[in-house]
Structure formats: structure tokens, C-alpha cells
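# Secondary and tertiary structure notes
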Amino acid sequence: MIRREISLFLKNVPGELGKLTAFLGDANINIDAITIQDASSYVQNLFEARGKSLKRLASYASYSSMRRDSADFSLIRLLTDKPEDAIALLKDNDYLFDSNDVVAIDITNKPGEFAKMTKKLGEEKININYVYGSVSDSDGKCLFVFCPEDVAFAESIFEGGKY
């Protein structure tokens, strides 16, 4: 299923995530999935990827400065049950964010299920930019969020739970 993911930067200090999650909760918006990373690793990955393609994002000195500055922030990616409401709330409260479509799939929590999904995407020549997921108890379902290069095509592969 195609879902709207929200990506935002938060100050990397105690209490900021609590403020964000309480803010959403107070508005009756549930977080279905979330991933958090130090923004400096995000900047480093961008820089290294550009370096490999011989197109540098910035000089080494600029990169070092960006990395120091970005360590002050965390990159948050999340899915909510009410993305449009969450986006409006974030906008009204001056959060720095973006949103994009991703593919979110419920799978059975058993060995090899994730492998089937990623293998199918590879067979179809769909690159995965990033993925994160949730794990339930061993008898439950898991939610995995994929950000493929071609969201619509990737979603069509998993229609009806086939993979």
C-alpha cells in the first residue's frame, strides 16, 4: 500500500522527540512506524554517495562543517494514521519537514518473509533507497516501509499480498 511518509529534522537534545510525539498524540494522530538517525550519518552517506559518482556535494572542509552542524539534529521518518492532519500540524507549528510516498507492507513475522520481498524487488530491478520496519511478537504481523525509486511499480508488485 502506498502511504505518505513525513521526514523531519529535530534538534538532537533530550526531550525533543517527546515533544513531537506528545504533540501528535494530543492531536489524536497515531505513529504507525518511525525511524530516527543522527543527521550527521545522513549527511555523510550523501557525501560518500556523491563522491563515488565523482559529483561531490561539497568540498572536504565544507563537508566537515556540515557534519559537525548536522550532529546537532536527528533525521526522523514516520508514518501516521492521519498524514494530512500531521502535515498541517507540522506546517502550522513551523517544523522543517518534507513528505513523500513510500510502500508500506504488512508481512508475517517468520524467517524468510523479508527476504522474499526484497528478492522480488531485486528481480524486478527496483532499487530500495531505504527501509525500516516494526517487529511484533512471533505470531503477529510486521510493518515494513520501503522507499523504492519507483513507488507505484513497487506497490503493484505486492498487490494482494503476493511476493
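Predicted, not measured: the structure shown is a model, and the values here were computed from it. (Residues numbered from 1 in each chain as written. Predicted model: local features only at pLDDT ≥ 70, side-chain atom pairs only at ≥ 80, totals over all residues. Heavy atoms only, no water.)

### Looking at the overall build of the protein
When you go through the protein residue by residue, the secondary structure sums to six helices and six strands. Traced from its N-terminal end to its C-terminal end, the protein shows the element sequence β-α-β-α-α-β-α-β-α-β-β-α. Going through the 163 residues of the protein one by one, you find that 33% of them count as buried. Look at the contacts in the protein between residues 6 or more apart in sequence, and 76% of them connect residues 24 or more apart. Carbon and sulfur atoms make up 51% of the accessible area of the protein, which totals about 9,600 Å². (Helix = DSSP H or I, 4+ residues; strand = E, 2+ residues; numbered from the N terminus. Buried < 20%, exposed > 50% of the residue type's maximum accessible area, 1.4 Å probe, protein only. Contact = heavy atoms within 4.5 Å. Areas by Shrake-Rupley, 256 points an atom, 1.4 Å probe, with all protein chains shown as cover.)

### Some words on helix α4 (residues 83-92)
All buried positions along α4 are accounted for by P83, A86, I87 and L90. For α4, the angular spread of the buried residues around the axis is 100°, confining them to a single face. Facing away from the buried side of α4, by more than 90 degrees, are the exposed residues E84 and D92. Buried residues along α4 sit in contact with β1 (2-11), α1 (16-26), β3 (73-80) and β4 (97-108). Positive phi shows up at D94, right after α4, with a value of about 60°. (Arc of directions from axis to C-beta.)

### Considerations on α1
Taken together, the buried positions of α1 are E16, L20 and L24. Buried positions in α1, seen along its axis, are confined to an arc of 70° and lie on one side of it. In α1, those exposed residues whose orientation departs by more than 90 degrees from the buried face are K19 and D26. Against β1, β2 (31-38), β3 and α4 lie the buried residues of α1. In the stretch just after α1, N28 is the one whose phi turns positive, near 60°.

### A closer look at unusual backbone geometry
Positive phi, close to 60°, is recorded for N28, a residue that is not glycine. Among the structural elements, N28 can be located in the loop between α1 and β2.

### Structural notes on the sheet that holds β1
Taken in spatial order, the six strands make up an open sheet running β2-β3-β1-β4-β6-β5, and their pairing is antiparallel. The sheet is open, and its two borders are formed by β2 and β5 (128-133), each paired with just one other strand. Neighbour to neighbour, the strand axes of the sheet diverge by 30° on average, direction disregarded. Pairing of β1 with β3 involves seven bridges; the strand directions are antiparallel. In the sheet register, F9 faces β3, and the bridge partner there is L75. (Pairing = 2+ DSSP bridges. Axes fitted to C-alpha atoms, helices over the stretch in contact; angles between N-to-C directions.)

### Observations regarding the packing of aromatic side chains
The tally for this structure, following the rule as stated, stands at four aromatic pairs. Relative to Y132, the ring of Y130 has its centre 6.5 Å away and its plane inclined at 10°; by these criteria the two rings are stacked. No difference in accessibility class separates Y130 from Y132, as the two residues are buried. Feature note: the residues F114, F144 and F146 constitute an aromatic cluster, connected by ring pairs. A cation over a ring is seen here: R77 above Y130, with NZ or CZ 3.7 Å from the ring centre. (Phe/Tyr/Trp six-rings, centres within 6.5 Å; stacked < 30°, edge-to-face > 60°. Lys NZ or Arg CZ within 6 Å of the ring centre and 35° of its normal.)

### Observations concerning the environment of K82
Looking at where K82 falls in the secondary structure, it is placed in the loop between β3 and α4. In this structure K82 comes out as partly exposed when scored by relative accessible area, which is 27%. Residues K82 and N30, spaced 52 residues apart in sequence, show a C-alpha to C-alpha distance of 7.4 Å.

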